[in-house]
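Observations on chain architecture
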Amino acid sequence: MDNRTPRLIEARDLKRYYQRGSETVKAVDGIDLEIIAGEMVSVLGPSGSGKTTLLHLLSCLDSPTGGTLMINQRSVSGLKEDELTSVRRGFLGFVFQRFYLLPTLSVAENVELPLIFYRRAVSRRETLDVLRRVNLEDRAAHMPNQLSGGEMQRVAIARALITSPKILIADEPTGNLDTENGIAVFDLFRALVEEQGISVVVTSHNVRLGYRADRIITLADGKITREQKGPRLMQLLRITA
Amino acid sequence: MRFLSLALKNLLRRPVRTILTTAGVALAVAVAVSLAGFNLGYRRAIERSIDRLGFQVMIMAKGCPYEAATMMLKGGTGLLYLPSDTYDQVRSDPEIASITSIFIGIAEREASSIRGDSSNAFAVLTGVEPKSLTEMKPWLEFQTGAGFDGGRWFSRPDEVVMGYEAATYEQRKVGDTYMVNVSPYGSSGSVLKEFKIVGVLKRTGTQDDGTVFLPIKTAQSIFNRPDHLTILGMKLRHFSGASLQEFESRWAKLPEVQVVSLQQVKSTLVMLVGTAQVMIVAVTVIAILVAVIGVINTILMSVYERTGEIGVMKALGAFRGDVFQLIWLETLMVCVAGAVAGSALALGGSRLTEGAIKALINIGIQGSLVTITWPVLLGAFGGAAVVGFFAGLYPAWRAASMLPVDAIREGIG
């Protein structure tokens, strides 16, 4: 990758080892990875290959046991929990396999949830704008139990977008969805990447969906075994160079 | 949406559990408010009742101080008498501003056996000297209206004045005849006595309402105790601790009498319910502890149920302090809601509480025994907030301490 390409995340020899009894589990074992602005990266691999652990590290939800990690050109090694939260705020957005929508809040209130913690005034227009981006503007007043699985995941994506993150990290976002809704979610990610320049890092079991990304990283036993770059990424790298 | 509404909506996710926990707090607050209201009301009622006796110091026959304390308020059948010449000895004391002598006798109501009303079979006949009595009790006034007009104090030996409740119970008016069976001292039989009612007093809210007043000489005569008195009631010129002590020591030399200040009576009456109060305080403390444990348990359970959500909140940008604040706020809201409900319950149930207390410890105190004031209610709110403050610390700390990655992982599991 060109040195002049802006790197949002940069990992060098990234490791995350766990101790399970006397056994050391190498969930992530010496990964080098860079995420640049405006790309969509798929992380593929079988269960236990280290996909989720890698995402947790890249999103500062977990701390590496080795290597270096730069988020937004800032080293996050040795930072405490609240310092890591500060790094995440406004820079990283999250989507999880389980939607984790609060059942007593409306769709709009769920989307606005992060802003409560940001102590930011909540503008309903802003919320509706974000909901429009995920095609749920007309569902703002609905409660989560009135939505389908695909709609709930789109609400979760809107919740991640309300803070205008530079990177959206999605861990198995289609895991609880049928194929049609899974495709819709990936289409949405593509639109966010291409129209708004947001980077998306997504893990998936579904190889067909994963191949819609600009870059496909395949993991096995905590290591990158294969990295494929699509034509759009090559073009993107040429532009940023 | 703000923290407050988020906390409220979190609590409403499990409405039954939240309501039950709040009810536990409400019950504890209701008990605490009722107890505080009783403490306050009881003291005020004692002071009111004793102040309405009209005198500051009593001289009475030596005996049980508890009996002495309650007799003037509630009446009693185990009467003790002091020699009537005590009056002559004491009245010359320069410290006495005014003095009145009282003779109390218990008579059997006429036809009480026919009514079958054994609990009200006895009548309290109080022999008084109207001039000195009304000096001490200037609030005594005669009832007016049909059948009551023209009321006056007695001027003849066979005339009586009835308290409001006594007249109501006997269905008597001014000019009617009042008859009682009296057992003279030293005689085994009873004698029917007939009196003319010359006045009915207005309600005073004291023991006087149930009393039949008659001339002291008549009372001494019909009970065949011409040389006895029940009480000497006095007002002192200087009613301070030192002068009272001096007065007491001066008259403690008399062999058959005791000097009882009404301040002592107040203390005695407070002591009388002391044991009951300790018991109620213990019950309150237990109720509060149970409520606190209930609150901690509920909030902790809710924290564990929302482990994944808490992890996601942290992932979305919530600091440890934000999560702490949210959970803590939920605890405070349960406690404050409990305080509101408990205070309302205590206010609504104060009459019931009062009835129960009076049934449990009836010592003849007149008026309201449970007084729930704003300071009492504010105290309950403050107490509930303090309880919420401490009860919320542990669950809030547990939630804030969850590592986001662990919380999300556990939530998924």
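The structure under discussion appears in the preceding block.
Here the structure is a predicted model, which means the values were calculated and not measured. (Residues numbered from 1 in each chain as written. Chains lettered and ligands numbered in written order. Predicted model: local features only at pLDDT ≥ 70, side-chain atom pairs only at ≥ 80, totals over all residues. Heavy atoms only, no water.)

Next up on the list: the overall build of chain B. Secondary structure summary: chain B contains 16 helices and 11 strands in total. Burial statistics for chain B: of 413 residues in total, 50% are counted as buried. A separation threshold of at least 6 residues defines the contact pool for chain B, and within that pool the share at least 24 residues apart is 80%. About 18,800 Å² of surface is accessible on chain B, with carbon and sulfur atoms providing 61% of the total. (Helix = DSSP H or I, 4+ residues; strand = E, 2+ residues; numbered from the N terminus. Buried < 20%, exposed > 50% of the residue type's maximum accessible area, 1.4 Å probe, protein only. Contact = heavy atoms within 4.5 Å. Areas by Shrake-Rupley, 256 points an atom, 1.4 Å probe, with all protein chains shown as cover.)

This brings us to unusual backbone geometry. Most of the time, phi is negative for any residue but glycine, and the peptide bond is trans. Positive phi outside glycine occurs at A:Gln73, with the angle close to 65°. Within the secondary structure, A:Gln73 is located in the loop between strand E4 (66-71) and strand E5 (74-75).

Bringing the interface of chain A and chain B into the picture now. Facing 29 residues of chain A, the contacting portion of chain B comprises 30 residues. Carbon and sulfur atoms make up 65% of the surface buried where chain A meets chain B, a total of about 2,900 Å² over both sides. Area buried by chain A at its contact with chain B is led by A:Glu81, A:Tyr100 and A:Phe117, which between them contribute 23% of it. Taken together, chain A and chain B are joined by five salt bridges. Close ionic contact of A:Arg89 with B:Asp322 constitutes a salt bridge, the shortest N to O distance being 3.5 Å. Within the residue set of the side of chain A that touches chain B, elements represented by two or more residues are helix H2 (81-88) and helix H3 (107-118) of chain A. Per-element accounting of the side of chain A that touches chain B gives the leading share, six residues, to H3(A). Its residues placed into classes, the side of chain A that touches chain B shows 15 nonpolar, four polar and 10 charged. (Buried area = accessible area lost by both parts, 1.4 Å probe. Salt bridge = Lys/Arg side-chain N within 4 Å of Asp/Glu carboxyl O. Nonpolar A, V, L, I, M, F, W, Y, C, P; charged D, E, K, R; others polar.)

Turning next to a negative patch on the surface. All names here are of chain B. A grouping of Asp85, Asp88, Asp227 and Glu256 is seen on the molecular surface, where their side chains present a negatively charged patch. Of note, Asp85 is situated in helix H4 (residues 85-90). When its relative accessible area of 40% is taken as the criterion, Asp85 is described as partly exposed. (Patch = residues over 30% accessible without salt bridge, like charges linked within 9 Å, V, L, I, M, F, W, Y side chains within 5 Å. Lys, Arg positive; Asp, Glu negative; His and termini not counted. Charge placed at Lys NZ, Arg CZ, Asp CG, Glu CD.)

On to the sheet that holds E5(A). All names here are of chain A. Sheet architecture is open: four strands sit in the order E2-E1-E4-E5, paired in antiparallel fashion. Edge positions in the sheet fall to strand E2 (23-36) and E5, since each has one partner strand and no second. Two elements, strand E1 (residues 7-20) and E2, share 11 bridges in a ladder whose sense is antiparallel. Across the sheet, residue Lys15 finds its bridge partner in E2, namely Asp29. Its contacts with the sheet place helix H1 (residues 51-58) against E1, E2 and E4, and it is angled at close to 125° to E1. (Pairing = 2+ DSSP bridges. Axes fitted to C-alpha atoms, helices over the stretch in contact; angles between N-to-C directions.)

The full count for this structure, using the stated rule, is 13 aromatic pairs over all chains. For the ring pair A:Phe117 and B:Phe3, a centre distance of 6.0 Å and an interplane angle of 75° mean the geometry is edge-to-face. Linking A:Phe117 in helix H3 with B:Phe3 in helix H1 (residues 3-11), this pair reaches from one chain into another. Just as A:Phe117 is buried, B:Phe3 falls in that class too. Just above the ring of A:Tyr118 sits the side chain of A:Arg89; from NZ or CZ to the centre is 4.8 Å. (Phe/Tyr/Trp six-rings, centres within 6.5 Å; stacked < 30°, edge-to-face > 60°. Lys NZ or Arg CZ within 6 Å of the ring centre and 35° of its normal.)

Attention now goes to H1(A). Because each turn of an α-helix spans 3.6 residues, side chains separated by three or four positions in sequence point in the same direction. Residue and element names in this part refer to chain A. Across the eight residues of H1, seven count as buried, placing the element largely inside the fold. Along H1, the residues that are buried comprise Lys51, Thr53, Leu54, Leu55, His56, Leu57 and Leu58. Looking one or two places after H1, you find Cys60, whose phi comes out positive at around 60°.

This next bit is on the packing of H3(A) against H1(B). Viewed as axis vectors pointing N to C, H3(A) and H1(B) meet at an angle of 130°, and their least axial separation amounts to 11 Å. Taken together, the axis directions place H3(A) and H1(B) in an arrangement best described as oblique. You can see that H3(A) and H1(B) cross each other, and the crossing is left-handed. Residues A:Glu109, A:Leu113, A:Ile116 and A:Phe117 of H3(A) form the contact with H1(B), whose participating residues are B:Phe3, B:Leu6 and B:Lys9. Taken together, the residues that form the contact of H3(A) with H1(B) break down as five nonpolar, no polar and two charged. (Parallel < 35°, antiparallel > 145°, perpendicular 65-115°, else oblique. Left-handed = near helix turned anticlockwise from the far one by under 90°.)

Residue and element names in this part refer to chain A. With mixed pairing, the six strands of this open sheet are ordered in space as E6-E7-E8-E3-E9-E10. The open sheet terminates on both sides in strands that have one partner only, identified here as strand E6 (92-95) and strand E10 (223-229). For this sheet, the mean angle separating the axes of adjacent strands, direction not counted, is 20°. As defined by bridge partners, E6 adjoins strand E7 (residues 167-171) across four bridges and the pair is classed as parallel.

Take it as geometry only, folks, not as evidence of what the structure does.
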